[in-house]
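Observations on the model geometry
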Amino acid sequence: MKAKYINPFTDFGFKKIFGEEASKNLLIDFLNALLPEYDQIKELSFKNTEQLGQSDLDRKAIYDIYCENEKGEKFIVELQKAKQNYFKERTIYYSTFPIREQAEKGEWNYNLKAVYCVGVLDFTFDDYETEPERSEVVHTIKLKNQNGKVFYDKLTYIYLEMPNFNKQENQLNSRLDKWLYFIKNLEDFQNIPTIFKDEVFTQAFEKAELANFGQLDLDKYESSLKVYRDLKGVIDTAFDEGKMEGLIEGEIKGKIEGKIEGKIEGKIETAKSLKRLGVSVEIITQATGLTKEEINKL
């Protein structure tokens, strides 16, 4: 059946719903569903998503969505489609830009505004050892001391592991539940479920309906959708193959060594396949965690 609504896991789809001036109230509603009641957003303004280092030698950061609320607090909102080795490190690196840009010339008391980094992830982390961490959808991280007490409360990372969200329509108990259900199932909807009849979600469905797109937006979306499907398909196949090779090798050299080699082989096969598809080196780096130099040698 032909899709009626866009896939929000594409770059185009995600930014169409949450990253345009006309749909700013959707982003506010989504973020408020994540934030505590005492820290709700009243107004947002979009900022330049490309952040430059302090010198020409510094690396730059390009966010999906970057905005600021009425209190001057900064929000980075990222969609991450594929797992990569240093995704957490990249998020932390990204958070340094809105911190550094607050520096004032001359005398300054270092009083910083809060920074929030929100990641909508189309994968799950694999470094959690126990339940319920492995199956949790929302992971909220702050800077804490050895006793678990918050040391600094103005830097917050929120990761949403979408594959872990499995609630059905009759199980949605909160505003955040509704947004997660909307994001995960949007492309499969043919009609608007009754639970989404309020003004905000009505607008969200209008923004996402393909019939409302002009030809230029349709072309951009199809291009973004192709990249998403190619990337997801190649990664799924390559990592499955890598995992199988790792298990076979593990029969000889041990399970741990086999799994490691399987993951490495999977990443190499992923990179080769993406190169054949003409995917940019930057995207391949994000998808596999390999360096540009390693990719160029393949």
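Here we summarise the structure given alongside this text. (Residues numbered from 1 in each chain as written. Predicted model: local features only at pLDDT ≥ 70, side-chain atom pairs only at ≥ 80, totals over all residues. Heavy atoms only, no water.)

1. Points about the overall build of the protein
Helix and strand content of the protein: nine helices and eight strands. Across the protein, contacts joining residues at least 24 apart in sequence account for 58% of those joining residues at least 6 apart. Total accessible area computed for the protein in this model is approximately 17,000 Å², and 51% of it derives from carbon and sulfur atoms. (Helix = DSSP H or I, 4+ residues; strand = E, 2+ residues; numbered from the N terminus. Contact = heavy atoms within 4.5 Å. Areas by Shrake-Rupley, 256 points an atom, 1.4 Å probe, with all protein chains shown as cover.)

2. Considering the sheet that holds strand β4 (residues 65-69)
Pairing is mixed in the open sheet, where six strands are placed in the order β1-β4-β5-β6-β8-β7. Edge strands, defined here as strands with exactly one partner in the open sheet, are β1 (44-46) and β7 (138-144). In this sheet, neighbouring strand axes are inclined to one another by 25° on average, regardless of whether the strands run parallel or antiparallel. Both β4 and strand β5 (residues 74-80) contribute to a ladder of four bridges, which runs antiparallel. (Pairing = 2+ DSSP bridges. Axes fitted to C-alpha atoms, helices over the stretch in contact; angles between N-to-C directions.)

3. A word on the nonpolar core
Among the nonpolar cores identified, the biggest contains 50 residues, and Phe18, Leu27, Phe30, Leu31, Trp179, Phe182 and Leu186 are the most heavily contacted of them. Setting aside chain neighbours within four positions, we find Leu31 in contact with Ile41, Leu44, Phe75, Val77 and Val118. Judged by nonpolar contacts, the second largest core, of 16 residues, contains Phe87, Tyr94, Phe123 and Tyr157. (Core = buried A, V, L, I, M, F, W, Y, C linked by side-chain atoms within 4.5 Å. Buried < 20%, exposed > 50% of the residue type's maximum accessible area, 1.4 Å probe, protein only.)

4. Section: the packing of helix α4 (residues 175-185) against helix α5 (residues 199-208)
Contact pair α4 / α5: the axes reach a minimum separation of 12 Å and the direction vectors enclose 10°. By the criterion of interaxial angle, the relationship of α4 to α5 is roughly parallel. Residues Arg175, Lys178, Trp179 and Phe182 of α4 form the contact with α5, whose participating residues are Val200, Phe201, Ala204 and Phe205. Residues belonging to the contact of α4 with α5 are distributed by class as follows: six nonpolar, no polar and two charged. (Parallel < 35°, antiparallel > 145°, perpendicular 65-115°, else oblique. Nonpolar A, V, L, I, M, F, W, Y, C, P; charged D, E, K, R; others polar.)

5. Some points on the pattern of salt bridges
As a working rule, side chains carrying opposite charge can pair if their charged atoms are close by. One pass over the full model with this rule turns up 20 salt bridges. Glu187 is the partner of Arg229 in a salt bridge, and the nearest nitrogen-oxygen pair spans 3.6 Å. Separated by 42 residues along the polypeptide, Arg229 in helix α6 (residues 215-253) and Glu187 in the loop between α4 and α5 bring together distant segments of the chain. A relative accessible area of 22% places Glu187 in the partly exposed class. Put simply, Lys16, Glu20, Lys207 and Asp217 are held in one network by salt bridges that share partners. (Salt bridge = Lys/Arg side-chain N within 4 Å of Asp/Glu carboxyl O.)

6. Side note on α5
Counting buried residues in α5 gives seven out of 10 residues, a clear majority hidden from the surface. Within the span of α5, buried status applies to Val200, Phe201, Gln203, Ala204, Phe205, Lys207 and Ala208. For α5, the elements touching its buried residues are α1 (11-18), α2 (24-34) and α4.

Function-wise, these values are silent; they only describe arrangement.
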